[in-house]
Amino acid sequence: MELNDILLHDETIFKDMSVFNSDFLPENFKLRQPQMEEMALSLRPALQKGKPINDIILGPPATGKTTAIKKLFEMAEYDCSDDIICVYVNCQLHSTKFDIFSQIYKKLFGHRPPETGVPYARIYNKIMTELYDSDKALIVALDDINHLFQGNIISKVFYDILRAHESFEGVRTGIFAVLSDVDFRFVLDKNVGSIFNATEVNFNPYTYDETFKILKERAIMGFYPNVISDELIEKITDYTYECGDLRLGIDLLRISGNNAEVKASRMIHEDDVDKAIQSSKSMSLKYILDSLNEKEQDLLRFITRVNKEITSGDLFKEYNRENKISYATYNRLINKLEFLRLIDTRYTGTGNKGNSRFVILRFDAKEVRDNLPKKNLGLKNNFL
């Protein structure tokens, strides 16, 4: 390494480290403009004293769903604060009815309600009274709503938001439900599902070219000029696209930069990227596996035991000997695992209308088993 290539103790290759943070909101978000326009149309009735349209926002992890919502809400509140109140809630962090309505309360009044001593009904009434008095519509984005499935909390939350007008005449409310699964309505009570009637907004996985474009833009914003080459961004893009998680690619840029700085290098080299990829492999897989529910984990664990190319029908027969589930449920689980790119399916050209599929594990079976959460084998009927 030449002397001019060595960083001094007070120098850095990072122009703005914050652009690699998971909560960074880029100014330029043109790749999701069509989806943002669809969601904006759902807000439009609220600006004309009508009810906002409910949306179900679908797409695999790291496809821009959360960023698009936050950008839209930011613009709506700047331009239309007299007509609408937008509340974003991360259900992974706030998974009880009280906690969710505390976030709505905080947005309206600038602080959370007391956690003890105040009944939920009083908090709910104060929220709805404020909406009635201000004549503002409320739209609540519930991100990662799969965390509300347990105990059917989702139906209770949806009911209290969407049926508010029955107790507070004229109050206008709507929900943006965000999910990485294509089938969820079966968890809603009938009296809730009938009033949700959501418009679907789909976030398809980024293409290879879109992934490269996003990563290059982040590199330009985050690093000083000439720190990383297009060839190395392409290498990170290859791995990111294969894993199907854009957040991983953004993190790899940051880690590669850190690896270069440890060597006091003014440029990121291939070995810095290789080291970053190696350290992230198991972490990215574990992140996806931790997001699965117990049924999805059980099926994936079974697939690792089979560990060979097998038709979907034969896999169901084998799995159903140990786990009694309907074929419809099994098919939903297979679709979810493929949706998250943990497995691949390939049509065989045989079967009913040629729709028989091979199921293929995309990762090393042992690596998947090692990173799956340990199965809870708690005792049944354990009375103490």
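Residues numbered from 1 in each chain as written. Predicted model: local features only at pLDDT ≥ 70, side-chain atom pairs only at ≥ 80, totals over all residues. Heavy atoms only, no water.

Undergrad: Quick question: what am I supposed to make of the pairing of strand S3 (residues 137–143) here?
TA: A large share of S3 lies buried, amounting to 7 of its 7 residues. Summarising the sheet, strand S2 (residues 84–90) and S3 pair through 7 bridges and their orientation is parallel. Residue pairing in the sheet places Ile 84 in a bridge with Ala 137 of S3. In terms of strand pairing, S3 meets strand S4 (residues 173–179) through 5 bridges, oriented parallel. Looking at S4, one finds that Leu 142 is bridged to Ala 177. (Buried < 20%, exposed > 50% of the residue type's maximum accessible area, 1.4 Å probe, protein only. Helix = DSSP H or I, 4+ residues; strand = E, 2+ residues; numbered from the N terminus. Pairing = 2+ DSSP bridges.)

Undergrad: I'm lost on unusual backbone geometry in this one. Help?
TA: Excluding glycine, a negative phi dihedral is what most residues carry, and trans is how most peptide bonds are arranged. Even without a glycine there, the phi angle at Lys 49 is positive, about 65°. Relative to the elements of secondary structure, Lys 49 occurs in the loop between helix H1 (33–47) and strand S1 (55–58). Exposure remark for Lys 49: the relative accessible area of 46% places this residue in the partly exposed category. A positive phi angle is found at Asn 197, which is not glycine, with a value near 40°. You can see Asn 197 is positioned in the loop between helix H7 (190–196) and strand S5 (199–202).

Undergrad: Quick question: what am I supposed to make of the packing of aromatic side chains here?
TA: The geometry of an aromatic ring pair comes down to the distance between the two centres and the angle between the two planes. Tallied over the entire structure, the rule returns 15 aromatic pairs. Consider the rings of Phe 14 and Phe 223, whose centres lie 5.2 Å apart with planes at 40°: the pair is tilted. In this pair, Phe 14 sits in the segment before H1 while Phe 223 sits in the loop between helix H8 (208–222) and helix H9 (230–243), placing the two residues 209 residues apart along the sequence. Of the two residues, Phe 14 and Phe 223, both sit in the buried class. Seen in terms of ring centroids, Phe 316 and Tyr 330 are 5.0 Å apart; in terms of plane orientation they differ by 50°. Their pairing is tilted. Taken together, the positions of Phe 316 in helix H13 (residues 312–322) and Tyr 330 in helix H14 (residues 327–339) put the pair 14 residues apart, joining distant regions of the chain. Look at Phe 316 and you get buried, because its relative accessible area is 15%. Residue class for Tyr 330 comes out buried when judged on its relative accessible area of 0%. (Phe/Tyr/Trp six-rings, centres within 6.5 Å; stacked < 30°, edge-to-face > 60°.)

Undergrad: When you look at the sheet that holds S2 in this model, what are you seeing that I'm missing?
TA: Strand pairing within a sheet occurs via backbone hydrogen bonds; the two strands may be parallel or antiparallel. The sheet built from 5 strands is open, its strands ordered S2-S3-S4-S1-S5 with parallel pairing. Edge positions in the sheet fall to S2 and S5, since each of these pairs with one other strand and no more. Neighbour-to-neighbour, the strand axes of this sheet turn through a mean angle of 15°, independent of strand direction. Bridge count between S1 and S4: 4 bridges; the pairing is parallel. The residue bridging Ile 57 from the neighbouring strand is Val 178, located in S4. (Axes fitted to C-alpha atoms, helices over the stretch in contact; angles between N-to-C directions.)

Undergrad: Before we go on, may I ask you to explain H8 in this structure?
TA: Spanning 15 residues, H8 covers 21 Å between terminal C-alpha atoms, matching the ideal 21 Å at 1.5 Å per step. Looking at H8, one finds that the buried residues are Thr 211, Phe 212, Ile 214, Leu 215, Arg 218, Ala 219 and Gly 222. In a view along the axis of H8, the buried residues occupy a sector of 165°, so they form one face of it. Projecting away from the buried face of H8 at angles above 90 degrees are the exposed residues Asp 209 and Ile 220. Elements in contact with the buried residues of H8: H9 and helix H10 (246–262). (Expected span 1.5 Å × (residues − 1). Arc of directions from axis to C-beta. Contact = heavy atoms within 4.5 Å.)

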